[in-house]
Amino acid sequence: MTVEPAAPSLTAVICAYTTDRWDDLGAAVASVRAQRTPPDEVLLVVDHCPELLRRAASLPGLRVLENRHRRGLSGARNTALAAAHGDVVAFLDDDAVAAPDWTARLLAGYADPSVLGVGGHVRPWWETGRPGWFPPEFDWVVGCSYTGLPDRPAEVRNFIGANMSFRRAPVLAAGGFDDGLGRVGERPLGCEETELCIRLTARTPGAVLRHEPAAAVRHHVPGKRTTWSYFVARCYAEGRSKAGVARRSGTGPALASERRYLRRTMPAAVVRAVLHGRPRTAGALCAGVATTLAGYTAGRLRRGPVPSGARRPGSPAPAPEGTTTGSRP
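Just so you know, these numbers come straight off a predicted model, no measurement behind them. (Residues numbered from 1 in each chain as written. Predicted model: local features only at pLDDT ≥ 70, side-chain atom pairs only at ≥ 80, totals over all residues. Heavy atoms only, no water.)

**A word on the overall build of the protein chain**
Worth spelling out the cut-off: Elements are defined by DSSP. Helices are runs of H or I of four residues or more, strands are runs of E of two residues or more, and each kind is numbered from the N terminus. Exposure classes here rest on a 1.4 Å probe applied to the protein chains alone. A residue is buried below 20% of its type maximum, exposed above 50%, and partly exposed in between. Whether two residues are in contact is decided by their heavy atoms, any of which lying within 4.5 Å being enough. Surface exposure here means Shrake-Rupley accessible area, sampled with a 1.4 Å probe, where a residue is shielded only by the protein chains that are shown.
The secondary structure content of the protein chain amounts to nine helices and nine strands. The proportion of buried residues among the 329 residues of the protein chain is 53%. Long-range pairs, those at least 24 residues apart, make up 77% of the contacts in the protein chain with a sequence separation of at least 6. Total accessible area computed for the protein chain in this model is approximately 14,400 Å², and 55% of it derives from carbon and sulfur atoms.

Okay, here's the thing in structure tokens:
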């Protein structure tokens, strides 16, 4: 008689940094608590915002923690990893709402012991409607799944941070998220998820990161993120962020997915836009690629392998900085 292995326990984590998203945060927490397969625990990590920490204490059914590391999303996630009790830790953005079967879909992927992480689909909810010129190939600009990602279960290099999960022990062994990357204050950088995913699979030959589109969340996109200026700034910041990952992981792993995206997804998208009489979309596609490449070039020209003040994964965390109310675009 074959005994089926027990399903891993699950900790759901939401990281928040500002009271400006209080309504979004409440919806995110409610969506996690309403899961058909409830998580074993829910953690809310508050990133150096005393007012939010005080207000969050009133939210039922979860454990509220203060970021014990350097201010920023990476530090908040590392705080959660250290405090979690689950075998698997799932991360949901504070402005995202999970589908009722989100936890079940994520956990199903861990039936394969080679799977170290499972990520899902992030669907944009445009508060003011999608701009007519905004190409779906660039939905990563607003933190969502984009045209070019697999539309069925598949092995991937990295996940989108708004909807991802990992086996907790391997991530801790790898040193957690690199707090020299990621969004801090007004610095619109990112790619800490990409760097961690590359590091995880490099440490464990045969390890798999699984994309499961059925594990879906809806991500709030406010009107201020639908402007041309935001689009350009975010593309440039993405290029800068990719340069930071390349300095840590090498250009091969750091840019493998991007090369396929540029060679296949982008040319096809431009042709479609032109054939369907959408010149503004075609222009946005070209401008987005050019701006991202400019950001990458600028980032690569910076001296030194790691940005000033960064902490290498696995090294001791610095003492917490002064308490401030942070913001990250």
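Don't stop here, the text continues.
**Thoughts on the packing of helix H6 (residues 192-203) against helix H7 (residues 228-249)**
Here is the rule we go by: The convention used is that axes are lines fitted to C-alpha atoms, helices contributing only their stretch in contact, and that angles between N-to-C directions extend from 0 to 180 degrees. Between 65 and 115 degrees an angle is taken as roughly perpendicular, under 35 as roughly parallel, over 145 as roughly antiparallel, and anywhere else as oblique. Here is the rule for handedness: rotate from the far helix to the near one, and if that takes an anticlockwise turn smaller than a right angle the crossing is left-handed, while a clockwise turn gives right-handed.
Closest axis-to-axis distance for the H6/H7 pair is 9 Å, and the angle between their directions is 20 degrees. In terms of orientation, H6 and H7 fall into the roughly parallel class. In the packing of H6 onto H7, the handedness of the crossing is right-handed. In this structure, H6 contributes Thr 194, Glu 195 and Ile 198 to the contact, and H7 contributes Val 245, Arg 248 and Ser 249.

**A word on the packing of aromatic side chains**
Threshold: Centres within 6.5 Å are what make two rings of Phe, Tyr or Trp a pair, Trp counting through its six-membered ring; a difference in plane orientation under 30 degrees is then read as stacked, over 60 as edge-to-face, and the rest as tilted.
Taken as a whole, this structure holds 13 aromatic pairs when the rule is applied. Ring centres of Phe 134 and Phe 231 lie 5.5 Å apart, and the angle between their planes is 80 degrees; on these two criteria the pair is classed as edge-to-face. In this pair, Phe 134 is assigned in the loop between strand E6 (115-126) and strand E7 (154-155) and Phe 231 in helix H7, connecting sequence segments 97 residues apart. Assigned by exposure class, Phe 134 and Phe 231 land together as buried.

**Regarding the packing of H7 against helix H9 (residues 279-301)**
Definition in use: Ten residues, namely Ala, Val, Leu, Ile, Met, Phe, Trp, Tyr, Cys and Pro, are considered nonpolar, four, namely Asp, Glu, Lys and Arg, are considered charged, and the remaining ones, Gly among them, are considered polar.
Where H7 meets H9, the closest approach of the two axes is 7 Å, and the angle between their N-to-C directions is 40 degrees. When the axes of H7 and H9 are compared, the pair comes out oblique. As H7 runs across H9, the sense of the crossing is right-handed. Residues Trp 228, Phe 231, Val 232, Cys 235, Tyr 236, Gly 239, Arg 240, Lys 242, Ala 243, Ala 246 and Arg 247 of H7 form the contact with H9, whose own contacting residues are Ala 284, Ala 287, Gly 288, Thr 291, Thr 292, Ala 294, Gly 295, Tyr 296, Ala 298, Gly 299 and Arg 300. Across the contact of H7 with H9, the residue classes break down as 12 nonpolar, six polar and four charged.

**Notes on a positive patch on the surface**
Under the convention used in this document: What makes a patch is a set of residues exposed beyond 30% relative accessible area and free of salt bridges, joined within 9 Å when like-charged and within 5 Å when nonpolar (Val, Leu, Ile, Met, Phe, Trp, Tyr). For this analysis, a salt bridge means a side-chain nitrogen from Lys or Arg found within 4 Å of a carboxyl oxygen belonging to Asp or Glu. For the purpose of counting charges, residues Lys and Arg are taken to be positive, whereas Asp and Glu are taken to be negative. His and the chain ends are not included. The location of each charge is read from NZ of Lys, CZ of Arg, CG of Asp or CD of Glu.
A contiguous patch of positive charge, built from Arg 259, Arg 260, Arg 263 and Arg 264, is present on the exposed surface. Classification of Arg 264 by relative accessible area gives exposed; the value is 61%.

**A short note on H7**
Where we set the bar: The length a helix should cover is 1.5 Å for every residue beyond the first.
Look at H7: 31 Å from first C-alpha to last across 22 residues, which is about the 32 Å you get at 1.5 Å a residue. One or two steps after H7, the chain reaches Gly 250, where phi turns positive at roughly 95 degrees.

**A closer look at the pairing of strand E9 (residues 208-221)**
Rules: Two strands pair under a simple rule: DSSP has to find at least two bridges between them.
Counting buried residues along E9, 11 of its 14 residues qualify, which places the element largely inside the surrounding structure. Sheet topology places strand E5 (residues 96-98) next to E9; three bridges connect them, and they run antiparallel. If you follow Val 97 over to E9, its bridge partner there is Arg 218. Looking at chain direction, E6 and E9 are connected through 11 bridges and run parallel. In the sheet register, His 121 faces E9, and the bridge partner there is Ala 216. Judged from the two bridges that link them, E7 and E9 form a sheet pairing that is antiparallel. Bridge pairing links Glu 155 to Arg 210 in E9.

**Points about the nonpolar core**
In summary, soluble globular proteins display a tendency toward joint burial of nonpolar side chains. The test is simple: By nonpolar core is meant a set of buried Ala, Val, Leu, Ile, Met, Phe, Trp, Tyr and Cys residues that side-chain atoms within 4.5 Å join together.
Among the nonpolar cores identified, the biggest contains 54 residues, and Leu 25, Leu 44, Leu 92, Trp 102, Phe 138 and Val 141 are the most heavily contacted of them. No other element matches helix H1 (residues 22-33), which puts five residues into this core. Residues within four places of Leu 44 in sequence aside, it is in contact with Ile 14, Ala 16, Leu 25, Ala 56, Leu 59, Leu 62, Arg 63, Val 64 and Leu 65. Judged by nonpolar contacts, the second largest core, of 26 residues, contains Cys 15, Ala 174, Phe 177 and Leu 200.

**Considerations on H1**
Because each turn of an α-helix spans 3.6 residues, side chains separated by three or four positions in sequence point in the same direction. With 12 residues, H1 should cover 16 Å at 1.5 Å per step; its first-to-last C-alpha distance of 17 Å lies within 8% of that length. Buried residues belonging to H1 abut strand E1 (10-16), strand E2 (41-46), helix H2 (50-56), strand E4 (88-93), E5 and helix H4 (102-108).

**Points about the side chain of His 219**
With respect to the helices and strands, His 219 occurs in strand E9. The buried category is assigned to His 219, whose relative accessible area is 3%. For His 219, the residues in contact, after removing those within four places along its chain, are Asp 93, Asp 95, Ala 96, Val 122, Arg 123, Pro 124, Trp 125, Val 142, Gly 143, Cys 144 and Ala 162.

**With respect to unusual backbone geometry**
In the Ramachandran plot, His 48 falls in the positive-phi region, its phi being about 50 degrees despite a non-glycine side chain. Considering the arrangement of structural elements, one finds His 48 in the loop between E2 and H2. You can call His 48 buried: its relative accessible area is 2%.

**Points about the pairing of strand E8 (residues 163-167)**
In terms of burial, E8 is largely enclosed, as five of its five residues are buried. Alternating positions in E8 separate into two faces, Asn 163, Ser 165 and Arg 167 on one and Met 164 and Phe 166 on the other, with burial throughout. Pairing of E4 with E8, which is carried by five bridges, proceeds in the antiparallel orientation. Looking across to E8, one finds that Val 89 is bridged to Phe 166. Alignment of E6 against E8, held across three bridges, turns out to be antiparallel. Opposite Gly 117, over in E8, you have Phe 166 as the bridge partner.

Geometry only, nothing functional implied.
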